[in-house]
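Chain by chain, the residues:
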Amino acid sequence: MKILIVDDEDMQRDLLKGFLKKKGYEVSSAANGQEALLTFAELPFQLVLLDHRMPDMTGDQVLAKMKAVNPLIRAIMITAYGTVDTAVEVMKLGADDFLEKPVDLSHLLDKIQMIEQRIMVDEEASDVAETLIQSDLPLRIIGDGPAMNDVLSLARRVAPTPWTVLIRGESGTGKELIARLIHLLSPVNDGPFAEVNCGAIPENLFESELFGHEKGAFTGAVSSRRGRFEVAQNGTLFLDEIGELPLNLQPKLLRALQEKRICRVGGEKEISVEVRVLAATNRDIKNLVEEGLFREDLYYRLNVFDIELPPLRQRKEDIPDLIAFFLEKYSPLPVTFEPDAMTTLIKYSFPGNIRELEHIIQRTVTLNRGRVVRAADLPPEVRFYKATAQGNLSERLEAVEQEMILSALEKSGGIQTRAAESLGISERVLRYKMKKYNIEVRGQR
Ligand SMILES: Nc1ncnc2c1ncn2[C@@H]1O[C@H](COP(=O)(O)OP(=O)(O)OP(=O)(O)O)[C@@H](O)[C@H]1O
Ligand SMILES: [Mg+2]
């Protein structure tokens, strides 16, 4: 649990911090209300210990502001001895508990543990409530298995906060969809959703793309242009493929995120930008950090909260609903999906995840104008998929052989002479093997 301690007395703050750290909590501290609110906006705290009497703002004023940012924040108010009246008032203002000075540490620990338990119970309860209202989502997101429910529940909880979210997951798992969902569930949902694909911007255009440029800033800058940060003003900036961002460009992005101010290329004035930042990646950024390919400070800046999208092969329970969803999307007429086609798809591993499933359905209903889809109508890589990691030596060799034949046929556009040549076998042997593995070339049936 992340705890924020707010107290203007250095001694008291250090004492509490040291004690709670030793008890295994992640603790940050702030010396006044202003500083507390800044730290609070940056990190996902679950509990705040607030000194009631501070010079700049009272504890309850600070708490009210924190609740506006995150209504779920728990608080323990620390009050001067004998001011029980204020304590009652304070509890009315939304603190979960209070302690009198001097703080009895074992008392404090009890109260924290009680709050921890309450958080757990509430989370379970809200999980149940969320499953029931999945249909209220502002986007169609398919999947009501436990894996997807976890993701949706995290997205719902983080959406109202100002935190940066790092969305991780293999290609095609729905990272962008979840980013759009968070935006739509956030307080800035009436603002823009601006996307930047960090992997696709040429290095020399990076600054201009993100921060914009003034007319004449460089050759080709015939007019001034707003960058993505400005486009996202008062909305959400989605940094896609953040793991692809070259190391030498990372400090520039970090600075903009930290200072919330940018300067157009060739421009003089600083423009302040108010944006919610979401980032996505299919790479293991922690690993990149260890290899020195990604800056650690930028990583921590982005990974305030993280959501991991599981690959489709780990949530196969969602496949039937996804198939139904995509059939409806791509076929003007109702289509019957035969059970063997369904089983074949469920067995497949989907290296390209949901996007691959979507393309398979799209292709199948377009090519197959009948109203019934059988296993034989599915593309060969699906029909002949065998988990290569399983089986004995000859089964594995056969699987490899099948895969090589399929890919050779695909590359040769189905022309068997060419496929045989590239495989280094005769056409007769190729035909024999195709028969053995039940491989048909599309259009030549
Ligand atoms: N749960 C879902 N329900 C319905 N459609 C989905 C779901 N998840 C993903 N999709 C669809 O699958 C496609 C791929 O999703 P998306 O573009 O969000 O993936 P991604 O993780 O950003 O992929 P990449 O890493 O390749 O950019 C999109 O057409 C999206 O609408
Ligand atoms: Mg994407």
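Parameters at a glance
Residues numbered from 1 in each chain as written. Chains lettered and ligands numbered in written order. Predicted model: local features only at pLDDT ≥ 70, side-chain atom pairs only at ≥ 80, totals over all residues. Heavy atoms only, no water. Pairing = 2+ DSSP bridges. Helix = DSSP H or I, 4+ residues; strand = E, 2+ residues; numbered from the N terminus. Axes fitted to C-alpha atoms, helices over the stretch in contact; angles between N-to-C directions. Near = heavy atom within 4 Å. Polar contact = N/O pair within 3.5 Å; in protein donor to acceptor, adjacent residues only side chain to side chain. Nonpolar A, V, L, I, M, F, W, Y, C, P; charged D, E, K, R; others polar. Domains from an automatic or database assignment. Contact = heavy atoms within 4.5 Å. Buried area = accessible area lost by both parts, 1.4 Å probe. Salt bridge = Lys/Arg side-chain N within 4 Å of Asp/Glu carboxyl O. Buried < 20%, exposed > 50% of the residue type's maximum accessible area, 1.4 Å probe, protein only.

Points about the sheet that holds strand β4 (residues 74-79)
Stage number 1. Pairing in this open sheet of five strands is parallel, and the strands run β2-β1-β3-β4-β5 from one edge to the other. Either end of the sheet is taken by a strand with one partner, and the two such strands are β2 (26-30) and β5 (97-100). Averaged over all pairs of adjacent strands, the angle between strand axes in this sheet comes to 20°, irrespective of strand direction.
Stage number 2. Bridge count for strand β1 (residues 2-6) against β2 is five bridges, and the pairing is parallel. When the bridges of β2 are listed, Ile-5 appears paired with Ser-29.

Some remarks on the site of ligand 1
Stage number 1. Neighbouring ligand 1 are 17 residues, the closest being Ile-142, Gly-172, Lys-175, Arg-355 and Glu-358.
Stage number 2. Here an oxygen atom of ligand 1 sits 3.3 Å away from a polar atom, N or O, in the main chain of Thr-173.
Stage number 3. Elements supplying a minimum of two residues to the shell around ligand 1: α7 (175-185), α13 (319-330) and α15 (353-367).
Stage number 4. Tallied by class, the residues present in the shell around ligand 1 amount to seven nonpolar, four polar and six charged.
Stage number 5. Counting only domains with at least three residues in the shell around ligand 1, you end up with domain 2 (137-309) and domain 3 (314-436).

Observations concerning the domain arrangement of the chain
By a widespread convention, an interface's size corresponds to the accessible area lost as its parts come together.
Stage number 1. According to the domain assignment, the chain consists of domain 1 (2-125), domain 2 (137-309) and domain 3 (314-436).
Stage number 2. The C-alpha centroid of domain 3 is placed 35 Å from the C-alpha centroid of domain 2.
Stage number 3. At the junction of the two partners, domain 2 supplies twelve residues and domain 3 supplies eleven residues.
Stage number 4. Both faces combined, the contact of domain 2 with domain 3 buries some 980 Å², and carbon together with sulfur accounts for 51% of it.
Stage number 5. Viewed at the interface, domain 3 and domain 2 are joined by zero salt bridges.
Stage number 6. In this structure, the connection of domain 2 to domain 3 is made through seven residue pairs in polar contact (both at pLDDT 80 or more).
Stage number 7. Of the residues contributing to the side of domain 2 that touches domain 3, the split by class is four nonpolar, five polar and three charged.

Here we look at the pairing of β4
One face of the sheet, then the other: side chains in a regular strand alternate in exactly this way.
Stage number 1. β4 sits mainly inside the fold: six of its six residues count as buried.
Stage number 2. As defined by bridge partners, strand β3 (residues 47-51) adjoins β4 across five bridges and the pair is classed as parallel. Paired with Val-48 across the two strands is Ala-75, which belongs to β4.

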